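Report on the structure
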Amino acid sequence: MNAKLSLMFSPNLSQSSDTTGETRKRFSGIAYSGGVIPNYGSFGDVAIDLSTLKIPNKRLFSLVNHDSDQRAGSLEAKVENGALMIDGTFFSSDSGRQVSTEFGDGAPWELSVGISGKPEKFNSPKTLELNGQSLTVNAIYRNARLLEVSFVPAGADPSTE
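Figured I'd write up the structure that's included with this text. Everything quoted here is computed from the prediction, not taken from an experiment.

This part covers unusual backbone geometry. With a phi angle near 60 degrees, His 66 is a residue other than glycine that sits in the positive phi range. Of note, His 66 is situated in the loop between β6 (60-64) and β7 (67-80). Overall, His 66 belongs to the partly exposed group, its relative accessible area being 28%. Within the chain, Asn 143 stands out as a residue other than glycine whose phi angle is a positive 60 degrees. Topologically, Asn 143 is positioned in the loop between β11 (133-141) and β12 (145-152). Overall, Asn 143 belongs to the partly exposed group, its relative accessible area being 46%.

Below, the structure is given as structure tokens:
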């Protein structure tokens, strides 16, 4: 059974000019720290194996609350220093303007990673060397596929940055 997983982090906001000279708001952040996501539903403490995460070689959508009808922007993702990093640009859509304006006003938006994969669940907690750290988890996502990254009001990962 494949399961979708969402993890949350706080994004950073900046501005840049595109080729037409128009100022576009950008965002970046750690989409997943590589650590333990505590109490993730019935799976307990989980982690994603970043060494096997399938990241598309194209830009991905940044959504609001994992809703494909609320496209806020697009982004590129990469694994760096044991974490999943993102860098993106807001769209001029209603969703993109809403999130970027609220974020600029100090709203505590966070990032949530949407993946598809089958978790490997253990009978008892298992300590593994994963993503450059020693983690004790009840389940692990290996060979998962990154689908999108969303802006959400509340996060699951305690290592938000």
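Assignment of secondary structure puts Asn 131 in the loop between β10 (119-130) and β11. At 3.0 Å, the side chain of Asn 131 and the backbone oxygen of Gly 34 are in polar contact. From its side chain, Asn 131 meets the backbone nitrogen of Leu 50 in a polar contact 2.9 Å long. When neighbours within four sequence positions are excluded, Asn 131 is seen to be in contact with Tyr 32, Gly 34, Ile 48, Asp 49, Leu 50, Ser 51 and Gly 82.

Attention now moves to the packing of aromatic side chains. For the structure on display, the rule yields 5 aromatic pairs. Here Phe 27 and Phe 151 contribute two aromatic rings whose centre-to-centre distance is 5.0 Å and whose plane-to-plane angle is 80 degrees, an arrangement assigned as edge-to-face. Of the two residues, Phe 27 sits in strand β4 (residues 23-32) while Phe 151 sits in strand β12, which places them 124 residues apart along the sequence. Taking the relative accessible area as the measure of exposure, Phe 27 reaches 1% and is therefore buried.

Our focus in this paragraph is the sheet that holds β11. Strands sit in the order β5-β11-β10 across an open sheet of 3 strands; the sheet is mixed. Where the open sheet ends on each side, the last strands, each with one partner, are β5 (46-48) and β10. Shown here is a sheet whose adjacent strand axes are inclined to one another by a mean of 50 degrees, direction ignored. Alignment of β10 against β11, held across 8 bridges, turns out to be antiparallel.

Counting buried residues in strand β9 (residues 110-117) gives 8 out of 8 residues, a clear majority hidden from the surface. By the alternation rule, side chains of β9 split into Glu 110, Ser 112, Gly 114 and Ser 116 and Leu 111, Val 113, Ile 115 and Gly 117, which are all buried. Two strands pair when backbone bridges link them, and β9 and β12 are joined in this way by 7 bridges, in the antiparallel orientation. Pairing of Leu 111 across the sheet is with Phe 151, part of β12.

Inspection of the entire model under this criterion finds 6 salt bridges. Measuring nitrogen to oxygen at the nearest pair gives 2.5 Å for the salt bridge that ties Asp 87 to Arg 26. Here Asp 87, found in strand β8 (residues 83-90), pairs with Arg 26, found in strand β4; they are 61 residues apart in sequence, far enough to count as distant. Put simply, Arg 142 and Asp 49 hold a salt bridge, and the shortest N to O gap is 3.2 Å.

Counting 37 residues, the largest nonpolar core has Tyr 32, Leu 84, Ile 86, Ile 115, Leu 146 and Phe 151 as its most contacted members. When residues no more than four places from it in sequence are discounted, the contact partners of Leu 84 are Gly 29, Ile 30, Ala 31, Tyr 32, Leu 50, Leu 53, Ile 55, Ala 77, Lys 78, Val 79, Val 113 and Leu 146.

Cut-offs applied
- Residues numbered from 1 in each chain as written.
- Predicted model: local features only at pLDDT ≥ 70, side-chain atom pairs only at ≥ 80, totals over all residues.
- Heavy atoms only, no water.
- Helix = DSSP H or I, 4+ residues; strand = E, 2+ residues; numbered from the N terminus.
- Buried < 20%, exposed > 50% of the residue type's maximum accessible area, 1.4 Å probe, protein only.
- Polar contact = N/O pair within 3.5 Å; in protein donor to acceptor, adjacent residues only side chain to side chain.
- Contact = heavy atoms within 4.5 Å.
- Phe/Tyr/Trp six-rings, centres within 6.5 Å; stacked < 30°, edge-to-face > 60°.
- Pairing = 2+ DSSP bridges.
- Axes fitted to C-alpha atoms, helices over the stretch in contact; angles between N-to-C directions.
- Salt bridge = Lys/Arg side-chain N within 4 Å of Asp/Glu carboxyl O.
- Core = buried A, V, L, I, M, F, W, Y, C linked by side-chain atoms within 4.5 Å.

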